[in-house]
Protein chains: 2
Amino acid sequence: MNGAGVGASASAGAGAGARRGRRPGAPDTRAAILGAARELFASSGYGGTSIRAVAAAAGVDAALVHHYFGTKDDLFLAALQLPIDPRAALVPVAEGGLGGAGERLLRVFLGVWDDEQNQQSLLALVRGLAEPSGQRLLRDGVLQMVFAPVGRALGIDEPDRRMALVASQMVGVVILRYLLRAEPLASMAPDDLVAVYGPTLQRYLAEPLP
Amino acid sequence: MNGAGVGASASAGAGAGARRGRRPGAPDTRAAILGAARELFASSGYGGTSIRAVAAAAGVDAALVHHYFGTKDDLFLAALQLPIDPRAALVPVAEGGLGGAGERLLRVFLGVWDDEQNQQSLLALVRGLAEPSGQRLLRDGVLQMVFAPVGRALGIDEPDRRMALVASQMVGVVILRYLLRAEPLASMAPDDLVAVYGPTLQRYLAEPLP
């Protein structure tokens, strides 16, 4: 319905085997950095992992990590293998201000998850819930990369508590609708979900809490 | 507190090796029935599993399954290896009527989950989320055994949809507070959680929904 056409414009005219922007360089080095990053983020969490430590574990210079992956947040997102960049996807949530932010957040979220391809790769991450390393990746990935930036962008008070409440409702929807496919949630139309969950999220985001 | 004193009365005066009321019978048969039940509930779901099929898979008569385990619901609860019987624990939720039911449900739920021993055995079930068989057990276990009876007892309209909404919020709390131990949710006092989530659950249970 309101797909943003991500990635459609940039690839126009690129034939098979043609040069596409920056050359891939040494794929082994890139893979080694990514593997080291994934391992460290999983064992030490987002806060306990530095670019320097990832570089050391991969046997390369920190500058090379930045060169391939950008910032620590970029590297973390690459390690999570998310199908989309949540920072970009969530921009419209904060742009509209606090009024209606709950509903906009929900629409972005459902738009991403209702896409079959996104859903498969996100569910692979969710299944990591069974293991401590996957739990740490998920906790930091969901809270630091998805919800914390929304709270900061909205400028709400008590952002940690409010965004944890929001996350608790949305994680529950993920588990029941997408992972367990529990009815009637699995078959509800996005508009119906927005009507039901929008007020909950809006209260968590914006209304006075006890 | 309200332990029924199971097996206590029959064994009075019985020394080691003496007959203690009903003989334990064949523990292998009991284990075989439970194993067959667990397998069938996991592969065919609650609705697709009959006592008769469990008996056939275990190579025993259906009457023996009833003898050891009672009703199909009792057998399903035994297969789930829940640390408590949710049907008994949830009685106070419906007894108070619809007013305040959200808050009472939350208090029972937090009381069960905040107990360290319950929590460990419930988390073992939650980690089953990673596998299709565990997903089916969880979906049917949570919805059929925990939430559906509450909806029926409260006599609410649209019980399936309302209880799925309630479940979606409570499952999210389980994941963030108990499994991922995400702050500040992991450290919030039960009263604070009730103040925050009570109105959400009450709306899902009792207020007009779109």
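Residues numbered from 1 in each chain as written. Chains lettered and ligands numbered in written order. Predicted model: local features only at pLDDT ≥ 70, side-chain atom pairs only at ≥ 80, totals over all residues. Heavy atoms only, no water.

Going by what an unreviewed UniProt entry lists, chain A is known as TetR family transcriptional regulator and is assigned to Nocardioides koreensis.

**Considerations on the overall build of chain A**
In terms of regular secondary structure, chain A is built from 11 helices and 0 strands. For chain A, the N- to C-terminal ordering of α and β elements is α-α-α-α-α-α-α-α-α-α-α. Classification of the 210 residues of chain A by burial places 44% in the buried group. Partitioning the contacts of chain A with sequence separation of at least 6, the portion at a separation of at least 24 is 66%. Surface exposure of chain A reaches about 10200 Å², of which carbon and sulfur atoms provide 54%. (Helix = DSSP H or I, 4+ residues; strand = E, 2+ residues; numbered from the N terminus. Buried < 20%, exposed > 50% of the residue type's maximum accessible area, 1.4 Å probe, protein only. Contact = heavy atoms within 4.5 Å. Areas by Shrake-Rupley, 256 points an atom, 1.4 Å probe, with all protein chains shown as cover.)

**Re the interface of chain A and chain B**
In this complex, chain A contributes 34 residues to the contact, which on the side of chain B involves 34 residues. Of the roughly 3000 Å² buried at the junction of chain A and chain B (both faces included), carbon and sulfur atoms supply 71%. Three residues stand out in chain A for area buried against chain B, namely Leu129(A), Leu180(A) and Val196(A), and they jointly supply 17% of the buried area on that side. At the surface where chain A touches chain B, the tally comes to 14 residue pairs in polar contact (both at pLDDT 80 or more). Considering each element in turn, the side of chain A that touches chain B owes the most residues, 13 residues, to helix α10 (residues 159–179) of chain A. Of the residues that constitute the side of chain A that touches chain B, the class distribution is 22 nonpolar, 5 polar and 7 charged. (Buried area = accessible area lost by both parts, 1.4 Å probe. Polar contact = N/O pair within 3.5 Å; in protein donor to acceptor, adjacent residues only side chain to side chain. Nonpolar A, V, L, I, M, F, W, Y, C, P; charged D, E, K, R; others polar.)

**As for the packing of aromatic side chains**
To describe a pair of aromatic rings, one takes the distance between the centres and the angle between the planes. Taken as a whole and assessed by the stated rule, the structure comprises 12 aromatic pairs over all chains. Considering the side-chain rings of Tyr197(A) and Tyr204(B), the 5.9 Å spacing of their centres and the 85 degrees angle between planes classify their relative orientation as edge-to-face. Of this pair, Tyr197(A) sits in helix α11 (residues 190–206) while Tyr204(B) sits in helix α11 (residues 190–206), each in a different chain. Within the aromatic cluster, the residues linked to one another by ring pairs are Phe41(A), Tyr46(A) and Phe76(A). Here the guanidinium or amino end of Lys72(A) rests over the ring plane of Tyr46(A), the centre of that ring lying 4.3 Å away. (Phe/Tyr/Trp six-rings, centres within 6.5 Å; stacked < 30°, edge-to-face > 60°. Lys NZ or Arg CZ within 6 Å of the ring centre and 35° of its normal.)

**Concerning the relation of the copies chain A and chain B**
Overlaying chain A on chain B yields an RMSD of 0.1 Å, the required transformation being a rotation through 180 degrees with an accompanying axial translation of 0.0 Å. Such values leave the two copies arranged in the relation of a two-fold axis. Every residue of chain A has its C-alpha some distance from the rotation axis, and the shortest such distance is that of Gly172(A), at 1.9 Å. Most of the interface of chain A is mirrored in chain B: 100% of its interface residues are interface residues there too. (Least-squares fit on C-alpha atoms with pLDDT ≥ 70 in both.)

**Notes on helix α7 (residues 101–113) of chain B**
Residue and element names in this part refer to chain B. In a regular helix each residue adds 1.5 Å, so 13 residues correspond to 18 Å; α7 covers 18 Å between its end C-alpha atoms and thus fits that length. Looking at α7, one finds that the buried residues are Ala 101, Gly 102, Leu 105, Leu 106, Val 108, Phe 109, Leu 110, Val 112 and Trp 113. Those residues of α7 hidden inside the fold are in contact with α5 (86–89), α6 (91–95), α8 (116–126), α9 (132–154), α10 (159–179) and α11. (Expected span 1.5 Å × (residues − 1).)

**Quick look at the packing of α9(B) against α10(B)**
Residue and element names in this part refer to chain B. The geometry of α9 relative to α10 is characterised by a closest axis approach of 9 Å and an angle of 125 degrees between their N-to-C directions. Comparing the axis directions of α9 and α10 gives the class oblique. For the element pair α9 and α10, the recorded crossing hand is right-handed. Taken together, the residues of α10 that come into contact with α9 (itself represented by Leu 143, Phe 147, Val 150 and Gly 151) are Met 163, Val 166, Ala 167 and Met 170. Broken down by class, the residue content of the contact of α9 with α10 amounts to 7 nonpolar, 1 polar and no charged. (Axes fitted to C-alpha atoms, helices over the stretch in contact; angles between N-to-C directions. Parallel < 35°, antiparallel > 145°, perpendicular 65-115°, else oblique. Left-handed = near helix turned anticlockwise from the far one by under 90°.)

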